[in-house]
Amino acid sequence: MNQRYTRTLFLATAAAIFARSCDAECLVGDIMYMEGDNTGHIGLECIDDSTYEGSTSICGPDGAFVEELQTFTCPAYCVQCGPRGFGAALCLSTPTTDRDCGEPEYFDNNP
């Protein structure tokens, strides 16, 4: 390798490392998410028989997660289990609503 090629390769590598270190990172347990990464979502309330509003978490530019409300589509049926809340909109294969949804969860009583 000639000296000019080696120097160019070094500068390109250094620039890539620097650019990577400027991205925000969000740590959850032992998993590191980069800025813009989505950690998933949870259903809040059915809008109709197949769509629901959900809360999604995205790694923000300052290294903290940002909660956003979005509309999602179920592959089959959206079934509302109790009042609006975390996990209340369920995607199911049948439109059955005569189920025991259980007791209110922690988040329903501790907003």
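Note that the structure is a prediction, hence the values are computed from the model and not measured. (Residues numbered from 1 in each chain as written. Predicted model: local features only at pLDDT ≥ 70, side-chain atom pairs only at ≥ 80, totals over all residues. Heavy atoms only, no water.)

(A) A look at the overall build of the protein chain. Regarding its fold elements, the protein chain presents two helices and seven strands. Listing the helices and strands of the protein chain from first to last along the sequence gives α-β-β-β-β-β-β-β-α. Here the protein chain holds 111 residues, and the buried ones make up 22% of them. The long-range fraction of contacts in the protein chain, counting pairs at least 24 apart against all pairs at least 6 apart in sequence, stands at 35%. Of the accessible surface of the protein chain, which amounts to about 8100 Å², a share of 56% is contributed by carbon and sulfur atoms. (Helix = DSSP H or I, 4+ residues; strand = E, 2+ residues; numbered from the N terminus. Buried < 20%, exposed > 50% of the residue type's maximum accessible area, 1.4 Å probe, protein only. Contact = heavy atoms within 4.5 Å. Areas by Shrake-Rupley, 256 points an atom, 1.4 Å probe, with all protein chains shown as cover.)

(B) Expanded view of the pairing of strand E1 (residues 25-28). Two strands pair when backbone bridges link them, and E1 and strand E2 (residues 31-34) are joined in this way by four bridges, in the antiparallel orientation. From the neighbouring strand, Leu 27 faces E2, where its bridge partner is Met 32. Connecting E1 to the antiparallel partner E2 that follows it, the hairpin turn spans two residues, and Gly 29 within it adopts a positive phi of roughly 60°. (Pairing = 2+ DSSP bridges.)

(C) Seen up close, the packing of aromatic side chains. The full count for this structure, using the stated rule, is two aromatic pairs. Summarising the aromatic geometry, the rings of Tyr 33 and Phe 65 are spaced 5.9 Å apart at their centres and angled 75° between planes, so their arrangement reads as edge-to-face. Of this pair, Tyr 33 sits in strand E2 while Phe 65 is found in strand E5 (residues 65-73), placing the two residues 32 residues apart along the sequence. Between the aromatic rings of Tyr 52 and Phe 72, the centroid separation amounts to 5.5 Å while the plane-to-plane angle is 25°, which identifies the pairing as stacked. With Tyr 52 in strand E4 (residues 51-59) and Phe 72 in strand E5, the pair connects residues that are 20 residues apart, well separated along the chain. A residue is classified by how much of its surface remains accessible, and Phe 72, at 15% relative accessible area, is buried. (Phe/Tyr/Trp six-rings, centres within 6.5 Å; stacked < 30°, edge-to-face > 60°.)

(D) Seen up close, the sheet that holds E4. Spatially, E3-E4-E5 is the arrangement adopted by the three strands of the open sheet, whose pairing is antiparallel. Single-partner strands in this sheet number two, and they are strand E3 (38-46) and E5. Along the sheet, successive strands turn relative to each other by an average axial angle of 30°, direction set aside. Bridge count for E4 against E5 is nine bridges, and the pairing is antiparallel. Across the sheet, Ile 58 pairs through a bridge with Val 66, a residue of E5. (Axes fitted to C-alpha atoms, helices over the stretch in contact; angles between N-to-C directions.)

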